[in-house]
Amino acid sequence: MNTTVKSSTTAAFLVQAAISFGISLTACAIGIAYLPVGGWIRAFLGLAFLYAVTSTFTLAKCVRDRQETATITGRVDQARLDKLLAEHDPFRAQP
């Protein structure tokens, strides 16, 4: 029962996602830096932006962990069902 789970994402998709994230992060940082407002407002927007980015990472991790837990639970249930079906003999007399 040592089957490996194949990842559904390709290397090209991972690279595209990383590049897209880097570009969006850089564009927002440049936009906040060149915004025609005072330093306090710029600092507040920068902190809000960093908070949004870290919250996004946390949410993505929670969703991934929940999906992995559901997958493992499904595997255990499937293994139990396979064992019951393998041990079942329909021709044996039931008490």
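This text goes with the structure placed above it.
Bear in mind the structure is a predicted one, so any value in this text is a computation, not a measurement. Per-chain numbering applies: the sequence of each chain, read as written, is numbered from 1 onward. In view of the model being predicted, local features appear only for residues whose pLDDT reaches at least 70, and side-chain atom pairs are presented and counted only at 80 or more, with totals across whole chains, interfaces and linings using the full set of residues. Side-chain descriptors were evaluated using all non-hydrogen atoms of the structure, hydrogens and water having been removed beforehand.

## As for the overall build of the chain
Each helix is a run of H or I in the DSSP string that is no shorter than four residues. Each strand is a run of E no shorter than two, and both are numbered from the N terminus. What the chain contains, in helices and strands, is two helices and zero strands. Of the roughly 8600 Å² that the chain leaves accessible, carbon and sulfur atoms contribute 70%. Surface accessibility in these figures is a Shrake-Rupley result with a 1.4 Å probe; residues are shielded only by whichever protein chains are displayed.

## Digging into the pattern of salt bridges
The salt bridge criterion pairs a side-chain nitrogen of Lys or Arg with a carboxyl oxygen of Asp or Glu, the two atoms within 4 Å. Across all of its chains, the model carries three salt bridges by this definition. Residues Asp-65 and Lys-61 are paired through a salt bridge, measuring 2.6 Å at the closest nitrogen-oxygen approach. One end of the pair is Asp-65 and the other is Lys-61, both in helix α2 (residues 39-87) and four residues apart, which spans about a single turn. The exposure class of Lys-61 is partly exposed, given its relative accessible area of 44%. One salt bridge connects Arg-64 with Asp-65, and the closest N-O pair in it is separated by 3.3 Å. Each residue's exposure class comes from its accessible area (1.4 Å probe, protein chains only) as a fraction of the maximum for that residue type: buried when under 20%, exposed when over 50%, partly exposed otherwise. Take Arg-64: its relative accessible area is 42%, and that puts it in the partly exposed class.

## Structural notes on the packing of aromatic side chains
Centres within 6.5 Å are what make two rings of Phe, Tyr or Trp a pair, Trp counting through its six-membered ring; a difference in plane orientation under 30 degrees is then read as stacked, over 60 as edge-to-face, and the rest as tilted. By the definition in use, this model includes one aromatic pair. Where Phe-21 meets Phe-57, the ring centres are 5.5 Å apart and the plane angle is 75°; that geometry is what we call edge-to-face. Here Phe-21 is found in helix α1 (residues 11-33), whereas its partner Phe-57 is found in helix α2, with 36 residues between them in sequence.

## Thoughts on the packing of α1 against α2
Relative orientation of the contacting elements α1 and α2 amounts to 165°, with a least axis distance of 9 Å. In terms of orientation, α1 lies roughly antiparallel with respect to α2. Pair α1 / α2 crosses with right-handed handedness. When α1 is examined against α2, the residues Phe-21, Leu-25, Cys-28, Ile-32 and Ala-33 are found in contact with a partner set consisting of Arg-42, Leu-45, Gly-46, Phe-49, Val-53 and Phe-57. Axis lines are fitted through C-alpha atoms, for helices just across the contact stretch, and the angle between N-to-C directions can take any value from 0 to 180 degrees. Roughly parallel covers angles under 35 degrees, roughly antiparallel covers those over 145, roughly perpendicular covers 65 to 115, and oblique covers all other angles. What makes a crossing left-handed is the near helix being turned counterclockwise from the far one by less than a right angle; a clockwise turn instead makes it right-handed. Two residues qualify as a contact provided that any one of their heavy atoms is within 4.5 Å of a heavy atom in the partner residue.

## Concerning the environment of Thr-10
For Thr-10, the location among the structural elements is in the segment before α1. By relative accessible area, Thr-10 is classed as partly exposed at 48%. One polar contact links the side chain of Thr-10 to the main-chain amide nitrogen of Phe-13, over a distance of 3.2 Å. For this analysis, a polar contact is any N or O atom pair within 3.5 Å, provided that within protein one partner can donate a hydrogen and the other can accept it, and provided that sequence-adjacent residues contribute only side-chain to side-chain pairs.

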